[in-house]
Amino acid sequence: MAATVADEGDKGGSDGLETDDAGRFYLTSYENNAVLRRRPDGEYETVVHDPRLLWPVPRPAVG
């Protein structure tokens, strides 16, 4: 099993994950009051940031 585990870097605290058809991961970032997107190249970008986001929030869903 250890051979299948890959270190993908730090992302901070999160309590929800979702993916889309383009292979991007969406994750909550309660430390930053934000929702982030991890692109296929491994970089993160902020989708939404607002101090009014309160945690816990409903789990993300892509529809």
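Residues numbered from 1 in each chain as written. Predicted model: local features only at pLDDT ≥ 70, side-chain atom pairs only at ≥ 80, totals over all residues. Heavy atoms only, no water.

## What to know about the sheet that holds strand 1 (residues 17-19)
The strand order 1-2-3-4 describes an open sheet built from four strands, whose pairing is antiparallel. Looking at which strands have only one partner, the edges of the open sheet turn out to be strand 1 and strand 4 (44-49). Sheet twist, expressed as the mean angle between neighbouring strand axes with direction ignored, is 25°. Where strand 3 (residues 34-38) and strand 4 come together, five bridges link them in antiparallel fashion. In the sheet register, R38 faces strand 4, and the bridge partner there is Y44. (Pairing = 2+ DSSP bridges. Helix = DSSP H or I, 4+ residues; strand = E, 2+ residues; numbered from the N terminus. Axes fitted to C-alpha atoms, helices over the stretch in contact; angles between N-to-C directions.)

## Focus: the pattern of salt bridges
All told, the structure shown has five salt bridges when counted by the stated rule. Between E45 and R37 there is a salt bridge, with its nearest N and O atoms 2.7 Å apart. A salt bridge links R39 to E45; its shortest N-O distance comes to 3.4 Å. Using a relative accessible area of 27% as the deciding quantity, one classes R39 as partly exposed. (Salt bridge = Lys/Arg side-chain N within 4 Å of Asp/Glu carboxyl O. Buried < 20%, exposed > 50% of the residue type's maximum accessible area, 1.4 Å probe, protein only.)

## Here we look at the side chain of R37
Relative to the elements of secondary structure, R37 occurs in strand 3. Among the polar contacts made by the side chain of R37, one reaches the side chain of Y26 at a distance of 3.3 Å. Side chain to side chain, R37 and E45 meet in a polar contact 2.7 Å long. Leave out the neighbours within four places in its chain, and R37 touches R24, F25, Y26, E43, Y44, E45 and V47. (Polar contact = N/O pair within 3.5 Å; in protein donor to acceptor, adjacent residues only side chain to side chain. Contact = heavy atoms within 4.5 Å.)

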